[in-house]
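The chain contents come next:
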Amino acid sequence: MSHYEAPIRKPLVTGNKTYHDVTVDIARPIEGRANKLWWIVFGIALAAFLWGLGCIIYTVSTGIGVWGLNNTIEWAWDITNFVWWVGIGHAGTLISAVLLLFRQRWRMAVNRSAEAMTIFAVVQAGLFPIIHMGRPWLAYWVLPIPNQFGSLWVNFNSPLLWDVFAISTYLSVSLVFWYTGLLPDFAMIRDRAKLPFQKRIYSILSFGWSGKAKDWQRFEEVSLVLAGLATPLVLSVHTIVSFDFATSVVPGWHSTIFPPYFVAGAIFSGFAMVQTLLIIMRKVSNLEDYITIDHIELMNKVIIVTGGIVGGAYIIEYFIAWYSGSAYEDYTYLSFGAATGPYWWAFWALIFCNMIFPITLWWKSLRRNVMWTFILSIIINIGMWFERFDIIVLCLSKGRTPSTWAMFSPTFVDVGIFIGTIGFFFVLFLLYSRSFPVIAQAEVKSILKLSGDRYKNMRAEHGDDAQIYELPEQEPLEDFERLIEELENKNEEVTDESGNLAQTLILNIGKATQDMADDLKRLSGVNPTLELQLNQLGIYNYNQVINMTEKEYSILNQLISKFPIAKTKFWSGEANILNNN
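Now for a quick tour of the structure.

Definitions and limits used
Residues numbered from 1 in each chain as written. Predicted model: local features only at pLDDT ≥ 70, side-chain atom pairs only at ≥ 80, totals over all residues. Heavy atoms only, no water. Helix = DSSP H or I, 4+ residues; strand = E, 2+ residues; numbered from the N terminus. Buried < 20%, exposed > 50% of the residue type's maximum accessible area, 1.4 Å probe, protein only. Contact = heavy atoms within 4.5 Å. Phe/Tyr/Trp six-rings, centres within 6.5 Å; stacked < 30°, edge-to-face > 60°. Lys NZ or Arg CZ within 6 Å of the ring centre and 35° of its normal. Expected span 1.5 Å × (residues − 1). Axes fitted to C-alpha atoms, helices over the stretch in contact; angles between N-to-C directions. Left-handed = near helix turned anticlockwise from the far one by under 90°. Nonpolar A, V, L, I, M, F, W, Y, C, P; charged D, E, K, R; others polar. Salt bridge = Lys/Arg side-chain N within 4 Å of Asp/Glu carboxyl O. Parallel < 35°, antiparallel > 145°, perpendicular 65-115°, else oblique.

### Describing the overall build of the chain
- Along the backbone of the chain there are 24 helices and zero strands.
- For the chain, with 581 residues in total, the buried portion stands at 51%.
- A separation threshold of at least 6 residues defines the contact pool for the chain, and within that pool the share at least 24 residues apart is 78%.

See the structure below:
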């Protein structure tokens, strides 16, 4: 056994799953019909999206005067939503890239949903600056490209331009990272597809993935490279978003704590949204055996850590506002004036949602409670939205000139667009869950023998050094030596058809010799007799087995009597694992 996991660690895959079970369970939402619960959630999300789409059309056709903006608070609801959505998109890259580099196995059940969440959240975030321009059909002006006015170049000193480059880079890397991880899963759906159209689509999406050792080698190399590129983005993207505020001279914004504070807050809100999505998906898609209570608890521990960082930043900001002795600081988003002023409700919503309620996760019973985690994840994201609202609206509402003081009140259009983006986000995610595997089945299989309860129980029963490969019952071997002698002395003429079949078989899977032989008896259904027959045909090692397809199995079924064709569906995966071990 090449790996060891302490028995005290709880299994990450429950339900006594085999490799075949993993494939069937993860492919079921794609191959089967959507259940009633999926349609209910999708209907609600679609209604919200259509409402928001109508508000966007109304805004573009009428002008952004339909929003609640004024001369004092020109940044309000829209930029609040922009920063909120960018923050939510942060957790996907963290789970996918950072936890991959740290070899955290628990990421394998949650990383795919987190990666998709990143893509869809950034799409929502990108909508708000475009609409805020007032003339979204001229959005390409933010890019340094030639246009009909000649060589028009943008203002590279603008903080908003930093967002364009940071977020577009973040989206590009996240999209490539997400799609690369999907290739083995697309191939799995391709091989299981019964409809020609579906098989063709997934064949294109899988980029010719064959599951050969070379494919896996390149897959792992590219994944590590992309993880190395994406990891700095976790820190840089929201740091650059924070510069929109920190580089200004507005009281409450001009703060050196903003970059780390924004990054921690983004991870805090992002993990909360991942919890919301995972709890919905484990119920809608019946994935409770893969997204377990232990996964939820581990995610909650990250929320505790990042929530503590955010809470510490709140205390520092409140202290600085008091200690500075400046009258202007008394109207910032974390000050005594904010706590008792006209926006007191927004201030206390921030404090209770982001500091008080998350403290409950220190109790293990609540940390492992699915319903409370779901409710708390929504509460945290509400609190993080109020944090961005407080930073923008409170700090702008009372500036250095009292004559410019103003209040902000959102209109139904502001609210409608925000609700619409939430609906759009869930529409995309639910459609994704019906088209793409929401769990990386290949990665889950890689830890199944290490951390699946089926195999952990086998080790607990038979010891850590026990053979945990499932070997079939062996046939009696009394006449084994006689069989070998008969096969070696057999001089019957092989028919032309059989000879051609055997030659085709070896050409397809590659040639091997006796000195390259592996123990084929470790494959399901292979006993010493069958191993000898495979060797007679020129099949000696796991690499040849990995290269086999249904065509080669059909040839073997014709050449070998009583060939266990039903067992061969496990051979490719078993051979791949054995070859890597």
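### Focus on the side chain of histidine 295
- One can find histidine 295 in helix H10 (residues 293–323).
- Among all residues touching histidine 295, those that are not within four sequence positions of it are Leu12, Trp106, Ala109, Val110 and Tyr290.

### A few points about the packing of aromatic side chains
- Applying the stated criterion across every chain, the model contains 51 aromatic pairs.
- Judged by centre distance (4.9 Å) and plane angle (85°), the rings of phenylalanine 245 and tryptophan 253 are edge-to-face.
- Note on phenylalanine 245: relative accessible area 2%, which makes it buried.
- Arranged with centres 6.2 Å apart and planes meeting at 85°, the rings of tryptophan 345 and phenylalanine 386 form a pair that is edge-to-face. Note that tryptophan 345 is positioned in helix H12 (residues 344–356) and phenylalanine 386 in helix H14 (residues 370–397), a separation of 41 residues in sequence.
- The class of tryptophan 345 is partly exposed, set by a relative accessible area of 39%.
- Linked through ring pairs, Trp77, Trp84, Trp85, Tyr343, Trp345, Trp385, Phe386, Phe389, Phe408, Phe418, Phe425 and Phe426 together constitute an aromatic cluster.
- It is arginine 434 that lies over the ring of tryptophan 38; its NZ or CZ is 5.9 Å from the centre.

### Section: helix H2 (residues 36–62)
- Taking 1.5 Å per residue, 27 residues should reach 39 Å; H2 reaches 39 Å between its end C-alpha atoms and fits that length.
- Listed as buried for H2 are Trp38, Phe42, Ala45, Ala48, Phe49, Gly52, Cys55 and Thr59.
- Elements in contact with the buried residues of H2: helix H5 (111–132), helix H9 (258–284) and helix H15 (412–435).
- Within two residues after H2, glycine 63 carries a phi angle of roughly 125°, on the positive side.

### Here's the deal with H5
- With 22 residues, H5 ought to run about 32 Å at 1.5 Å a step, and its terminal C-alpha atoms sit 32 Å apart, in line with that.
- Remark: glycine 134 follows H5 within two positions and exhibits a positive phi of approximately 90°.

### A look at the packing of H10 against H12
- Orientation of H10 relative to H12, taken along the N-to-C sense of each, is 145°, at an axis distance of 10 Å. At the point where H10 passes H12, the crossing takes the left-handed sense. Contact residues: Gly311, Tyr314, Ile315 and Tyr318 in H10; Phe347, Leu350, Asn354 and Met355 in H12.
- Of the residues that constitute the contact of H10 with H12, the class distribution is six nonpolar, two polar and no charged.

### Examining the environment of proline 136
- Assignment of secondary structure puts proline 136 in the loop between H5 and helix H6 (159–192).
- Taking C-alpha positions, proline 136 is 7.7 Å from valine 60, a pair spaced 76 residues apart along the chain.
- Discounting residues that sit within four places of it in the chain, proline 136 has contacts with Val60 and Ile130.

### As for the pattern of salt bridges
- Under the defined criterion, the tally for this structure stands at eight salt bridges.
- Here aspartate 191 ties to arginine 190 by a salt bridge, and the two come within 3.0 Å at their closest N and O atoms.
- On the basis of relative accessibility, which here comes to 48%, the residue aspartate 191 falls in the partly exposed class.
- Judged by relative accessible area, arginine 190 falls into the buried class, the value being 15%.
- What emerges from the salt-bridge pattern is a single network uniting Asp294, Glu297, Arg367 and Arg368.

### Regarding the packing of helix H4 (residues 90–101) against helix H8 (residues 213–246)
- The N-to-C vectors of H4 and H8 enclose an angle of 135°; their axes lie 8 Å apart at closest approach. Relative to H8, the element H4 lies oblique. Read as a crossing pair, H4 and H8 show a hand that is left-handed. The residues of H8 that touch H4, namely those facing His90, Thr93, Leu94, Ala97, Val98, Leu100 and Leu101, are Ser223, Leu224, Ala227, Gly228, Ala230, Thr231, Leu233, Val234, Val237 and His238.

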